[in-house]
Amino acid sequence: MAMRGLLRLGEVALRVLDMKAALEHYDKRMGLEVTLTGDDGRVYLKAWDEHDHHCLVLREADTPGLDHVAFKVSDDAVLDEMAVRVRDFGLPVKHIAAGAMPKSGRRIEFTLPSGQRMQLYAHKEQIGNHLPLLNPGVLPDEGVIRGFRINRLDHALLGGPNIDESARLFQEVFGFDMSERLIDADSKASLALFLSCSIKPHDIAFVLQPEPGRFHHVSFLLESTYDVIHAADMIGKYRIPVDVGPNRHGVTRGATIYFFDPSGNRNEVFSGGYVHYPDTPTLTWDTSELGKATFSQDNTPRESFLTVLT
Ligand SMILES: [Fe+2]
């Protein structure tokens with residue numbers, strides 16, 4: 001695919017209540033790799049099969065939740081073009097100089113209609129995935145793939161009001177497709193919207209919530225459905241609080257398990273899902289089949305899944 005524009009969700013920045021406990025979770029249990037601890041105490045982590053320096057940023061704070069999401073764009077020209085288009089959409093755009101954020105080129109930042117801070121960047125230092133670029137092979141050295149065996153950051157689900165407006169920004173300005181949506185069976189109002197800039201069923205999603213800027217979950221890709229079961233075994237062994245799972249989503253068809261970090265931020269690891277092409281029609285679910293849409297193996301919606309956000 002000749003991809004230009006927004007390439008992927010490249011970074012999620014979370015607030016955690018206790019950094020030591022957070023690293024026990026994200027590094028030791030989930031198996032993400034710490035690549036930098038900043039002078040300000042922020043910790044930067046990556047999954048093994050990512051080339052960029054980090055995909056997760058943790059900051060110790062008094063409340064959990066989301067600092068920002070950041071998408072990587074294909075080049076500097078796109079970054080400049082998006083700065084104009086986001087401003088024309090009606091959102092103030094802040095410019096962040098190269099190097100102001102570790103290992104990162106210049107960025108633009110704006111606040112989504114649903115209340116989250118979002119950034120775009122074209123460059124982040126690439127440190128590799130532990131495999132050589134010439135004759136790379138398929139497996140890094142033993143010990144590199146550990147914990148939940150996470151391949152990479154995949155997507156995030158954000159909560160807030162005005163989700164139709166956030167989706168319109170992603171569709172009209174960033175060129176995403178709406179792959180799926182969940183609507184109220186009676187009013188037809190949007191309750192959850194799933195958007196793709198790739199062949200994945202979603203790269204970002206929004207769920208309707210009264211409070212702006214809320215964080216539902218960050219999701220990481222595993223190699224196989226068996227790896228979801230392996231993660232579930234580790235979650236049980238180390239008594240990590242489970243929200244839902246293992247199960248399979250109706251929306252996106254991913255095999256999934258949801259759990260919480262020690263600060264209450266929801267995490268997901270998943271595998272699978274269908275291939276989304278730009279001409280794939282939008283799939284619609286309504287609340288008459290909320291269980292089937294969310295957790296298709298028992299067709300049962302979970303109260304906590306719909307109401308607990310940070
Ligand atoms: Fe997810």
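Residues numbered from 1 in each chain as written. Predicted model: local features only at pLDDT ≥ 70, side-chain atom pairs only at ≥ 80, totals over all residues. Heavy atoms only, no water.

J.: How should I be thinking about the sheet that holds strand β6 (residues 94–96) in this particular structure?
T.: To summarise the sheet geometry, strands pair through backbone hydrogen bonds and adopt either a parallel or an antiparallel arrangement. Pairing in this open sheet of eight strands is mixed, and the strands run β2-β3-β4-β1-β5-β8-β7-β6 from one edge to the other. Each of the sheet's edge strands pairs with one partner strand only, and the pair in question is β2 (33–37) and β6. Neighbour to neighbour, the strand axes of the sheet diverge by 25° on average, direction disregarded. By the bridge criterion, four bridges tie strand β5 (residues 65–73) to strand β8 (residues 117–121) in an arrangement that is parallel. By the bridge assignment for β8, Lys-72 is matched with Tyr-121. (Pairing = 2+ DSSP bridges. Helix = DSSP H or I, 4+ residues; strand = E, 2+ residues; numbered from the N terminus. Axes fitted to C-alpha atoms, helices over the stretch in contact; angles between N-to-C directions.)

J.: Explain the nonpolar core to me, please; I cannot follow it from the model alone.
T.: Nonpolar side chains in soluble globular proteins tend to be buried together. Formed by 65 residues in total, the largest nonpolar core has its most connected members in Phe-110, Met-118, Leu-120, Phe-148, Phe-170, Phe-174 and Val-269. For this core, the element with the most residues is helix α2 (residues 76–89), which contributes six residues. Each of two domains, domain 1 (6–121) and domain 2 (150–307), supplies a minimum of three residues to this core. Once you skip the residues sitting within four places of it in the chain, Phe-110 turns out to touch Val-86, Leu-91, Pro-92, Gln-116, Arg-117, Met-118, Leu-120, Leu-169 and Phe-174. By size, the runner-up hydrophobic cluster in this structure holds eleven residues, among which are Leu-157, Ala-192, Trp-285 and Leu-290. (Core = buried A, V, L, I, M, F, W, Y, C linked by side-chain atoms within 4.5 Å. Buried < 20%, exposed > 50% of the residue type's maximum accessible area, 1.4 Å probe, protein only. Domains from an automatic or database assignment. Contact = heavy atoms within 4.5 Å.)

J.: I'm lost on the coordination of the iron ion in this one. Help?
T.: Ideal geometry at a metal centre: 109.5 degrees between donors when four sit tetrahedrally, and 90 or 180 degrees when six sit octahedrally. Taken together, the protein donors to the iron ion comprise His-155 (NE2), His-217 (NE2) and Glu-268 (OE), at separations of 2.1 Å. Every donor residue of the iron ion comes from the same chain, spaced as H-x61-H-x50-E. Here the residue His-155 occupies a position in strand β9 (residues 150–160), and His-217 occupies one in strand β13 (residues 214–222), the gap between them amounting to 62 residues. Each member of the pair, His-155 as well as His-217, is classed as buried. (Donors = N, O, S within 2.8 Å, 3.2 Å for Na, K, Ca; no water.)

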